[in-house]
Amino acid sequence: MRICIEAQRLFRPHKHGMEIVALETIRALQALDTQNEYHIIAADDSDTHALQATDNFTIHRLKTSLYPKWEQITLPGFVKKLQPDLLHCTANTAPLFYKGNLLVTIHDLIFMDKTDRAGSAYQRFGNRYRRWIVPAVARKATAIATVSEYSKQEICKRLRINENKVTVVHNGVSSDFMPIEDAATREAFRKKYAVPTAYLLHIGNTAPRKNTLNVCKAYHLYCQQQPDALPLVISGCSEDFIREMLQQNGLQYLREHIHLTGYIDAEDLPLLYGMSNLFLYPSLQEGFGLPVIEAMSCGVPVITSNGSSLKEIAGQAAKLVNPESPEEIAAAIRLVLNDEAMRKYMQSMGIMNARRFSWRAAAEQTVALYQSLQRF
């Protein structure tokens, strides 16, 4: 087969969820499949070392433009010249008027929820675009891939799609995510990001669903009840965002207990997780929840939500909480930190749970899905 894979933001320097999934899947496909002919199509950007061409993988970097124009005009025009057997679009959306065999990965439908109507102007624009495009694309696609059973049920129910059209391909976790004990490596990381020697960790952004506000409210309760409270490290949030959020909720004093890392380089993520005492990820909505299994792979106990896909992905290895309850999150923090036996049990269970997910398995399932679509 000749397969085109669209991964528009593959070469952006600061990658997040969907770009990471696309990159890791393509790398795993390169290692696995030497038979099919692949054409990777992305916008030109600065991280040119992210992916290299191989004998049956050609990389095309197309001129960058506003995303809707790139996807709806530039991409289908270029793909038409290649005449592929299949076009695989990896990030929820796809060209509306593409007439060929089309596979779309829809990670989640969070952009359709009221909880995701806030956030930055860029996020709001992206969500409006998805709310317009995704229902139509889902109907016209030959097949849909998604990343969890939870997301599959949401797609089938909310978009009225036959479940036979939707295949679950779980995300994986890179082998780079593991406990790192080397003292020099850990110290170099600590100096690079000026993180404390012991800390709680939360990864968030400006999207309300990441639940950073309730994490801070829970941290406030924890500090009130724990005289020797650990500092809180937050990655992915700006100084302005945190200061404004704390001020609006009367929690200004917490700023001196919170350390902001800014963007963490991909190679440093295992250390960010692994050097923390506890990972807090009580997200309101996730299609998969990649940080949960990344943290578990690094041997860190995890507190996450009892809803959306997170219960499915965390299994029995995390402490599950109501993400709407700061009191419940704070109680879970105290319980895990003060119970050494529980903490060690969660660490070992987390490592075992994370082994359920691999990019090799994701690539194998993806190739099988490609082959099943060859007849169309």
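This text goes with the structure placed above it.
Quick look at the structure, then. Predicted model, so just to flag it, every value in this text is computed and none were measured. (Residues numbered from 1 in each chain as written. Predicted model: local features only at pLDDT ≥ 70, side-chain atom pairs only at ≥ 80, totals over all residues. Heavy atoms only, no water.)

**Structural notes on the pattern of salt bridges**
Here is step 1 of the chain: The tally for this structure, following the rule as stated, stands at 17 salt bridges.
Here is step 2 of the chain: In this structure, Glu19 and Arg9 form a salt bridge, with 3.4 Å as the shortest nitrogen-oxygen distance. Here the residue Glu19 occupies a position in helix α1 (residues 17–32), and Arg9 occupies one in the loop between β1 (2–6) and α1, the gap between them amounting to 10 residues.
Here is step 3 of the chain: For the salt bridge of Arg158 with Asp113, the shortest nitrogen-to-oxygen distance reads 2.7 Å. Taken together, the positions of Arg158 in helix α4 (residues 149–158) and Asp113 in the loop between β5 (102–105) and α3 (121–140) put the pair 45 residues apart, joining distant regions of the chain.
Here is step 4 of the chain: Owing to a relative accessible area of 31%, Arg158 belongs among the partly exposed residues under this scheme.
Here is step 5 of the chain: Residues participating in the shared-partner salt-bridge network are Asp113, Glu154, Lys157 and Arg158. (Salt bridge = Lys/Arg side-chain N within 4 Å of Asp/Glu carboxyl O. Helix = DSSP H or I, 4+ residues; strand = E, 2+ residues; numbered from the N terminus. Buried < 20%, exposed > 50% of the residue type's maximum accessible area, 1.4 Å probe, protein only.)

**Examining the environment of Leu159**
Here is step 1 of the chain: Here Leu159 is to be found in the loop between α4 and β7 (166–168).
Here is step 2 of the chain: For Leu159 and Arg12, which are 147 residues apart along the polypeptide, the C-alpha to C-alpha distance reads 31 Å.
Here is step 3 of the chain: With residues near it in sequence (within four places) discarded, Leu159 still touches Leu109, Met112, Val134, Pro135, Ala138 and Glu154. (Contact = heavy atoms within 4.5 Å.)

**A look at the packing of aromatic side chains**
Aromatic ring pairs are reported here in terms of the distance separating the ring centres and the angle at which the planes meet.
Here is step 1 of the chain: Taken as a whole, this structure holds 10 aromatic pairs when the rule is applied.
Here is step 2 of the chain: For the ring pair Tyr273 and Phe279, a centre distance of 5.3 Å and an interplane angle of 90 degrees mean the geometry is edge-to-face. Both residues of the pair, Tyr273 and Phe279, belong to the buried class.
Here is step 3 of the chain: Put simply, the rings of Phe177, Tyr273, Phe279 and Tyr281 touch in pairs and so form one group of aromatic residues.
Here is step 4 of the chain: Over the face of the ring belonging to Phe11 we find Arg61, whose NZ or CZ atom lies 4.5 Å from the ring centre. (Phe/Tyr/Trp six-rings, centres within 6.5 Å; stacked < 30°, edge-to-face > 60°. Lys NZ or Arg CZ within 6 Å of the ring centre and 35° of its normal.)

**Some details on the pairing of strand β12 (residues 302–305)**
Here is step 1 of the chain: Across three bridges, strand β11 (residues 278–281) lies against β12 in parallel orientation. Looking at β12, one finds that Phe279 is bridged to Val302.
Here is step 2 of the chain: Note that the unit made of β11, helix α9 (residues 290–297) and β12 has a crossover that is right-handed.
Here is step 3 of the chain: Two strands pair when backbone bridges link them, and β12 and strand β13 (residues 319–321) are joined in this way by three bridges, in the parallel orientation. In the strand pairing of β13, Thr304 is matched with Leu320. (Pairing = 2+ DSSP bridges. Right-handed = clockwise from strand over helix to strand, strands pointing away.)

**Structural notes on the nonpolar core**
Here is step 1 of the chain: Leu10, Tyr38, Ile40, Leu272, Tyr273, Phe279 and Tyr370 are the most contacted members of the largest nonpolar core, which has 65 residues in total.
Here is step 2 of the chain: Setting aside its immediate chain neighbours within four residues, Tyr38 contacts Ile3, Ile5, Leu29, Asp33, Asn56, Phe57, Thr58, Val367 and Tyr370.
Here is step 3 of the chain: Core analysis: the second largest hydrophobic core is formed by 30 residues, Ala94, Leu102, Phe111 and Tyr129 among them. (Core = buried A, V, L, I, M, F, W, Y, C linked by side-chain atoms within 4.5 Å.)

**Considering the environment of Ile313**
Here is step 1 of the chain: Along the chain, Ile313 turns up in helix α10 (residues 310–314).
Here is step 2 of the chain: Each C-alpha atom of the pair Ile313 and Ala362 lies 15 Å from the other, and the pair is 49 residues apart in sequence.
Here is step 3 of the chain: Once you skip the residues sitting within four places of it in the chain, Ile313 turns out to touch His170, Phe288, Gly289, Ile293, Asn353, Arg356 and Phe357.

**Topic: unusual backbone geometry**
Here is step 1 of the chain: Residue Ala194 is not a glycine yet carries a positive backbone phi of 55 degrees.
Here is step 2 of the chain: Following the sequence through the fold, Ala194 ends up in the loop between α5 (183–193) and β8 (200–203).
Here is step 3 of the chain: The exposed category is assigned to Ala194, whose relative accessible area is 52%.

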